[in-house]
Amino acid sequence: MAPQPVELNLTIRPQRRFAVIDISELIRQQVGDELRPFRKAAYCSFHTTAGYIEQGTSRRLGHSRKQIDPFIRAIQKIFPYNAGYFHDRMQLRDELSEGEKEREPVNADSHLTFIAAGLKNCVTYIHRPDDPVYFIELDGIYKHYVRSRHTAVMAYNHTEIVHRGRVEIPVDGSHAIDAFNLKDPRYGLFATLAERLRQSGIDKGCIDIRLAPEEKNVGMTVNEYETLLMRNDLPQALSDPLRYVFQRGRRLLQHPASIPGKMHAYAAYDSLRFYNELLDQVPVGRSVIDRIVSVLSTPAQRILRLKRHIRLLVSDSTGTGADRILQGTYQSPILVQHQPAAGGVRALDVTLRRFV
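What you see is a predicted model, and the numbers here were worked out from it, not measured in a lab.

Draft legend 1. Just the environment of Ile209, in detail. Position of Ile209 relative to the elements: it lies in strand β12 (residues 205-211). With relative accessibility at 0%, the residue Ile209 sits in the buried group. Beyond its immediate chain neighbours, meaning those up to four positions away, Ile209 contacts Leu189, Met220, Arg308, His309, Ile310, Leu312, Leu348, Asp349 and Val350.

Written out as structure tokens, the structure is:
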């Protein structure tokens, strides 16, 4: 008899703000070789500043911390720490109490790095027990507060399609670059998913949400839908990717009024140095590096490394909500467009799958 899908829940205590952590080591420590018989494994982060890279990216980086580390640090250079982001201006965060503002990390750079580096809340790997699977931590420590991170792993052999359908999301915002929280009850998406899950009786599985093939100038991520981050910082990053490098650069901060004419020269120099460092340190090929760096020289013609597909895991384990979708407190699927949609509507193809 084939083994039934297995679910594990792991807790991680990062030792530093940025860390690359091999989850496969933790799995072996917890359950030994219990997952070895399975063909596939899905890994789910419950956080918006810590996630996973896809298996193909990990393979191109040699499944090596020594290569993944400089790849992520290169993206972090585009979004320096504490570079004047709206999300980090606690005086504007009316939803937080004074006590919460004290503990709330200054971490807009981590959110933007998560999105720009193409990190995902959930990835599925062909299960190779001896290969590492890296959990990328971008915001593990703030002041003297150390995060407690949680991740779920589901191992299985096959999937069965339980439901397929199309959902239309109204996106009639007035801004050229705009973000839409797909968890917003007005869209009805999660209410529909909850009903479908109730009808299907899925114990363990996933929900795939994919942009319809005809959708252009739009991408998706799973992150925190905080108004200042999504309505100010992300649009500014998309329209002017070098903005925060300039704001954080020491030369501009030391002489902000005397060198406006030199900004493009500095940008060209810094971008060339950045490009050469990537080629030296990250062996993913010149074409991949060119795609990453291309957003630095002009306003972004695409949304950095946002995806056209996101995945949410489904579980019958204790601790999930009534809809049984595995999600962290601050996680939301987010639709981000950099051109208005024709007719003010975006189409999403939704597929529910059972793990078997």
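Draft legend 2. Up close: the sheet that holds strand β15 (residues 332-337). One open sheet accounts for three strands, arranged β11-β15-β13; its pairing is antiparallel. Pairing within the sheet leaves two strands with one partner each, and these edge strands are β11 (178-181) and β13 (218-223). Within this sheet the neighbouring strands show an average axis-to-axis angle of 25°, counted without direction. Where β13 lies against β15, six bridges are found, and the strand directions are antiparallel. For Val222, the partnering residue across the bridge sits in β15 and is Pro333.

Draft legend 3. Spatial organisation of the layout of surface pockets. Put simply, the largest pocket is a space of about 790 Å³. What lines the largest pocket is a set of 28 residues, among which Arg103, Glu104, Pro105, Arg147 and Tyr330 lie closest to the centre. Of all the secondary structure elements, the ones that give two or more residues to the lining of the largest pocket are α4 (98-103) and β8 (145-146). Among the residues forming the lining of the largest pocket, the class breakdown is eight nonpolar, 10 polar and 10 charged.

Draft legend 4. Structural view of empty space enclosed by the protein. Across all of its chains, the model carries five cavities of 30 Å³ or more by this definition. One number sums up the size of the largest cavity: a volume of about 130 Å³. Along its surface, the largest cavity is lined by 13 residues, and Ile27, Arg28, Leu35, His127 and Pro129 are the ones closest to its centre. When grouped by side-chain class, the residues that make up the lining of the largest cavity number four nonpolar, three polar and six charged.

Draft legend 5. Inspection of the nonpolar core at higher detail. Core analysis: the largest hydrophobic core is formed by 53 residues, its most contacted members being Ile23, Tyr43, Ile72, Phe79 and Ile136. What Ile72 contacts, discounting residues up to four positions off in sequence, is Phe18, Thr113, Ala117, Leu119, Ile136 and Leu138. Counting residues in hydrophobic clusters, the runner-up holds 26 residues, among them Phe190, Met220, Leu312 and Ala341.

Draft legend 6. Structural detail: the packing of helix α5 (residues 108-116) against helix α7 (residues 227-239). One can describe the packing of α5 onto α7 by two numbers: an axis separation of 11 Å at closest approach and a directional angle of 70°. Judged on the interaxial angle alone, α7 and α5 are roughly perpendicular. Helix-helix and strand crossings are classified by hand; for α5 and α7 the assignment is right-handed. Contacts from Ala108, His111, Leu112 and Ile115 in α5 reach Leu229, Met230, Asp233 and Leu234 in α7. Across the contact of α5 with α7, the residue classes tally to six nonpolar, one polar and one charged.

Draft legend 7. Representation of the state of the cysteines in the model. In total, this model carries zero disulfides according to the counting rule given. As a non-bridged cysteine, Cys44 has Cys122 as the owner of its nearest cysteine sulfur, 5.3 Å distant. On the accessibility criterion, Cys122 (3% relative accessible area) is buried.

Draft legend 8. View of helix α1 (residues 23-31). All of the buried residues along α1 are Ile23, Ser24 and Ile27. The buried residues of α1 occupy one face: seen down the axis, they fall within an arc of 100°. On the buried face of α1, the contacting elements are β1 (6-12), β2 (19-22), β3 (40-45), β4 (50-52), β6 (134-137) and β9 (149-156). Looking one or two residues past α1, Gly32 carries a phi angle of roughly 65°, positive in sign.

The rules behind these values
Residues numbered from 1 in each chain as written. Predicted model: local features only at pLDDT ≥ 70, side-chain atom pairs only at ≥ 80, totals over all residues. Heavy atoms only, no water. Helix = DSSP H or I, 4+ residues; strand = E, 2+ residues; numbered from the N terminus. Buried < 20%, exposed > 50% of the residue type's maximum accessible area, 1.4 Å probe, protein only. Contact = heavy atoms within 4.5 Å. Pairing = 2+ DSSP bridges. Axes fitted to C-alpha atoms, helices over the stretch in contact; angles between N-to-C directions. 1 Å grid on protein atoms, 1.4 Å probe; cavity = no way out; pocket = protein on both sides within 12 Å on 5 of 7 lines; lining within 4 Å. Points joined across faces, edges and corners; volume = space filled by probe spheres on them. Nonpolar A, V, L, I, M, F, W, Y, C, P; charged D, E, K, R; others polar. Core = buried A, V, L, I, M, F, W, Y, C linked by side-chain atoms within 4.5 Å. Parallel < 35°, antiparallel > 145°, perpendicular 65-115°, else oblique. Left-handed = near helix turned anticlockwise from the far one by under 90°. Disulfide = S-S within 2.5 Å. Arc of directions from axis to C-beta.

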